[in-house]
Amino acid sequence: AQTVTQSQPEMSVQEAETVTLSCTYDTSESDYYLFWYKQPPSRQMILVIRQEAYKQQNATENRFSVNFQKAAKSFSLKISDSQLGDAAMYFCAYRRGRNAGGTSYGKLTFGQGTILTVHP
Amino acid sequence: DTEVTQTPKHLVMGMTNKKSLKCEQHMGHRAMYWYKQKAKKPPELMFVYSYEKLSINESVPSRFSPECPNSSLLNLHLHALQPEDSALYLCASSQAGTRGGRGVDTQYFGPGTRLTVL
């Protein structure tokens with residue numbers, strides 16, 4: 001079974017600074033997808049960024065980027081130029097790929113989450 | 001457009017009540033999901049519908065009854081709930097394609113229904 005571990009229950013950052021959230025996962029499969037979701041106090045889960053395991057290039061979305069280390073099974077999220085609106089709980093999630101025997105509807109395995117506080 | 005809507009936003013019900021949660025998406029997605037989330041915890045998968053058929057039931061008690069009337073709608077019928085069922089209930093949807101195809105099957109979430117059982 002796959003597991004996802006977020007070892008930082010809480011993190012804080014000053015506005016305009018950079019912060020990195022850690023995520024490691026355990027899987028025996030080679031085909032899978034990884035996601036970072038953000039859940040602000042409103043509690044809507046918002047997709048931040050996603051990464052296909054077969055792609056070596058790290059995904060980026062504006063101020064958000066990932067450091068995907070497939071061999072180390074690590075998937076960290078870097079937030080640059082942090083803003084007050086980035087304050088939220090961040091979840092790392094894993095999904096089996098279709099070619100790994102996964103179905104076309106994917107069950108997400110979530111980490112326990114990291115609460116990010118942004119100080120003005 | 002990546003919008004999933006859920007109604008109601010808040011629901012308070014007694015243990016003998018019957019109520020329903022509603023979820024709707026118009027993105028042409030063919031997979032829809034119900035999750036339960038307790039405060040400061042990750043979402044827990046309850047049900048998955050794929051092409052309007054129940055594909056996954058994560059051993060959820062029968063007091064929760066899902067229904068998928070069409071490809072855009074997903075309901076969760078509630079009956080005889082317990083106080084420990086109080087939680088945020090999230091709906092999500094994703095494209096469901098043919099097996100073996102590339103492409104990320106990303107789940108998009110609705111804003112949730114905050115349920116309180118008295």
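Source: prediction; values computed, not measured. (Residues numbered from 1 in each chain as written. Chains lettered and ligands numbered in written order. Predicted model: local features only at pLDDT ≥ 70, side-chain atom pairs only at ≥ 80, totals over all residues. Heavy atoms only, no water.)

Enquirer: Quick question: what am I supposed to make of the packing of aromatic side chains here?
Expert: In this description, a pair of aromatic rings is defined by centroid distance and the angle of the planes. Applying the stated criterion across every chain, the model contains 13 aromatic pairs over all chains. With a centroid separation of 6.3 Å and an interplanar angle of 85°, the aromatic rings of Phe68 of chain A and Phe75 of chain A are classed as edge-to-face. Of the two residues, Phe68 of chain A and Phe75 of chain A, neither departs from the other in class, the shared state being buried. Taken together through their ring pairs, the aromatic side chains of Phe35, Tyr37, Phe91 and Phe110 of chain A together with Tyr33, Tyr35 and Phe109 of chain B make up a single cluster. (Phe/Tyr/Trp six-rings, centres within 6.5 Å; stacked < 30°, edge-to-face > 60°. Buried < 20%, exposed > 50% of the residue type's maximum accessible area, 1.4 Å probe, protein only.)

Enquirer: Looking at this structure, I do not really get the sheet that holds strand S1 (residues 4-7) of chain B. What am I missing?
Expert: Pairing between sheet strands relies on hydrogen bonds along the backbone, with the strands arranged either parallel or antiparallel. Residues and elements named next belong to chain B. Pairing is antiparallel in the open sheet, where four strands are placed in the order S1-S3-S8-S7. What marks the edges here is a single partner per strand, and that holds for S1 and strand S7 (64-70). Direction aside, the axes of adjacent strands within the sheet are offset by 20° on average. (Pairing = 2+ DSSP bridges. Helix = DSSP H or I, 4+ residues; strand = E, 2+ residues; numbered from the N terminus. Axes fitted to C-alpha atoms, helices over the stretch in contact; angles between N-to-C directions.)

Enquirer: Any chance you could explain the environment of Asp26 of chain A here in plain terms?
Expert: Residues and elements named next belong to chain A. Note that Asp26 resides in strand S4 (residues 24-26). Looking at Asp26, the relative accessible area reads 41%, which means it is partly exposed. With 63 residues separating them along the chain, Asp26 and Met89 place their C-alpha atoms 22 Å apart. Those residues in contact with Asp26 that sit more than four places away from it in its chain are Ala1, Gln2, Thr3 and Lys73. (Contact = heavy atoms within 4.5 Å.)

Enquirer: What should I look at first to understand the state of the cysteines in this one?
Expert: Each disulfide is one covalent bond, formed between the sulfur atoms of two cysteines. Residues and elements named next belong to chain A. Summed over the entire model, instances satisfying the criterion amount to two disulfides over all chains. The side chain of Cys23 participates in a disulfide bridge whose partner is Cys92; the two sulfur atoms lie 2.0 Å from each other. Here the S-S torsion is close to -70°, and the disulfide linking Cys23 with Cys92 is therefore left-handed. Taken together, the residues Cys23 in the loop between strand S3 (19-21) and S4 and Cys92 in strand S10 (residues 88-96) connect sequence positions 69 residues apart. (Disulfide = S-S within 2.5 Å.)

Enquirer: Would you explain the confidence of the model for chain A in this entry?
Expert: Any segment with low pLDDT has predicted coordinates that should not be analysed in fine detail. Taken residue by residue, chain A gives an average pLDDT of 91. The fraction at 70 or more is 93%. Within chain A, S3 of chain A carries the highest mean pLDDT (98), whereas strand S7 (residues 60-61) of chain A carries the lowest (90). (pLDDT = per-residue confidence, 0-100.)

Enquirer: Looking at this model, I keep getting lost on the pattern of salt bridges. Mind explaining?
Expert: Opposite charge on two side chains permits pairing when their charged atoms draw close. Summed over all chains, the structure comprises seven salt bridges over all chains. The salt bridge partner of Asp86 of chain A is Arg63 of chain A, with a shortest N-O separation of 2.8 Å. Separated by 23 residues along the polypeptide, Asp86 of chain A in the loop between strand S9 (74-79) and S10 and Arg63 of chain A in the loop between S7 and strand S8 (64-69) bring together distant segments of the chain. Asp86 of chain A sits in the buried class, given a relative accessible area of 3%. Judged by its relative accessible area of 19%, Arg63 of chain A is buried. Between Glu52 of chain B and Arg30 of chain B there is a salt bridge; the shortest N-O distance is 2.9 Å. (Salt bridge = Lys/Arg side-chain N within 4 Å of Asp/Glu carboxyl O.)

Enquirer: How should I be thinking about the side chain of Thr106 of chain B in this particular structure?
Expert: Note that Thr106 of chain B resides in the loop between strand S9 (87-94) and strand S10 (108-109). The exposure class of Thr106 of chain B is buried, given its relative accessible area of 4%. A polar contact of 2.7 Å, which involves the side chain of Thr106 of chain B, links it to the side chain of Arg50 of chain A. Once residues lying within four places of it in the same chain are set aside, the contact partners of Thr106 of chain B are Phe35, Tyr37, Leu47 and Arg50 of chain A together with Ser93 and Ser94 of chain B. (Polar contact = N/O pair within 3.5 Å; in protein donor to acceptor, adjacent residues only side chain to side chain.)

Enquirer: When you look at the environment of Thr114 of chain A in this model, what are you seeing that I'm missing?
Expert: All names here are of chain A. Examined against the element boundaries, Thr114 turns out to sit in strand S12 (residues 114-119). With 99 residues separating them along the chain, Thr114 and Glu15 place their C-alpha atoms 18 Å apart. Here Gln6 takes part through its side chain, which lies 3.4 Å from a polar atom of the side chain of Thr114.

Enquirer: I keep staring at the nonpolar core and nothing clicks. Help me out?
Expert: Nonpolar side chains in soluble globular proteins generally cluster together in the buried interior. With 25 residues, the main nonpolar core has Tyr25, Trp36, Phe75, Leu77 and Tyr90 of chain A as its most contacted residues. When contributions to this core are tallied by element, the ones reaching two or more residues are S3, strand S5 (32-39), strand S6 (46-52), S8, S9, S10 and S12 of chain A. Take this core: its biggest share by element is four residues, from S10 of chain A. In this structure, Leu11, Met13, Met27 and Phe47 of chain B belong to the second largest nonpolar core, which totals 23 residues. (Core = buried A, V, L, I, M, F, W, Y, C linked by side-chain atoms within 4.5 Å.)

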